[in-house]
Amino acid sequence: MLPLTNRSKVVVKKEMSLSEKIYLPAIISGMMITFSHFFKKKPTIQYPEQTREFSAIWRGQHVLKRDEIGAERCTSCGLCAVACPAEAITMTSAERKPGEEHLYREEKYAATYEINMLRCIFCGDCEDACPKEAIFLTDRKVDSEYNRGLFTYGKDILVEGIEKEKRIDVTKRQTPEVLEFKKHKEFDHNVVFEKKK
Ligand code: SF4
Ligand code: SF4
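Residues numbered from 1 in each chain as written. Chains lettered and ligands numbered in written order. Predicted model: local features only at pLDDT ≥ 70, side-chain atom pairs only at ≥ 80, totals over all residues.

A. Focus on the overall build of the chain. Helices and strands together make up the secondary structure of the chain, namely seven helices and five strands. Counted from the first residue to the last, the chain has its helices and strands arranged as α-α-β-α-β-β-α-β-β-α-α-α. For a compact globule of 197 residues, the expected C-alpha radius of gyration is about 16 Å, and the chain comes in at 28 Å, more than 25% above that figure. The long-range fraction of contacts in the chain, counting pairs at least 24 apart against all pairs at least 6 apart in sequence, stands at 73%. (Helix = DSSP H or I, 4+ residues; strand = E, 2+ residues; numbered from the N terminus. Rg over C-alpha atoms; globule rule 2.2 N^0.38 Å. Contact = placed C-beta atoms within 7 Å.)

Next comes the structure, spelled out in structure tokens:
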């Protein structure tokens, strides 16, 4: 039968040599490969005593950001939930009341906001989808738990603290273009409530 391609090889069934029959050379060459690995730098580390250095843009636990005066940036638009491929985000919206401007940056805010950390695959799509710079992934690790119910993180865990020392720095996650844009206070996006009045 004619071959369809010229890639086929003819297998020759030849007699094994003496060295092949006693297997010793093959065993010795295999052992040499094994021993050579003893002197190489080990890629494993003794976690949790040792930890690796993370990249500045490593994607870990989320934070819901506040603006300069401490108001929550999230306007409960739902874009992050729509973008989430794991359907891990849920929220309910509420309307800001007069006098709450220092609490919520926009007229609508997230009364509840939850991320199911067991569903999340830390892809960062929620961060990319957010038009308000309200949600970022950070270099913090999600704690291990024995109870599955504790992996649904609400606003009490996700929203950063209002005090300066409790704010979470996400500037390393922002591109030079974004940081340049934020310098322009003439854009409404960059204006804090106190200046809007
Ligand atoms: S990181 Fe990805 S999977 Fe996790 S909540 Fe955000 S969009 Fe969903
Ligand atoms: S985090 Fe951003 S994208 Fe998600 S609801 Fe809030 S403002 Fe919208």
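The structure having been displayed, the exposition proceeds.
B. Region of interest: the site of ligand 1. As a matter of local geometry, ligand 1 sits amid 14 residues, with Cys 84, Cys 120, Cys 123, Asp 125 and Cys 126 nearest to it. Residue classes in the shell around ligand 1 are distributed as 12 nonpolar, one polar and one charged. (Near = placed C-beta within 6 Å. Nonpolar A, V, L, I, M, F, W, Y, C, P; charged D, E, K, R; others polar.)

C. How the structure looks around the sheet that holds strand β3 (residues 108–116). With antiparallel pairing, the three strands of this open sheet are ordered in space as β2-β3-β5. Of all the strands in the sheet, the pair left with one neighbour each is β2 (89–95) and β5 (152–153). Relative to β5, β3 runs antiparallel, the two being bridged by two bridges. Bridge assignment links Asn 116 to a residue of β5, and that residue is Thr 152. (Pairing = 2+ DSSP bridges.)

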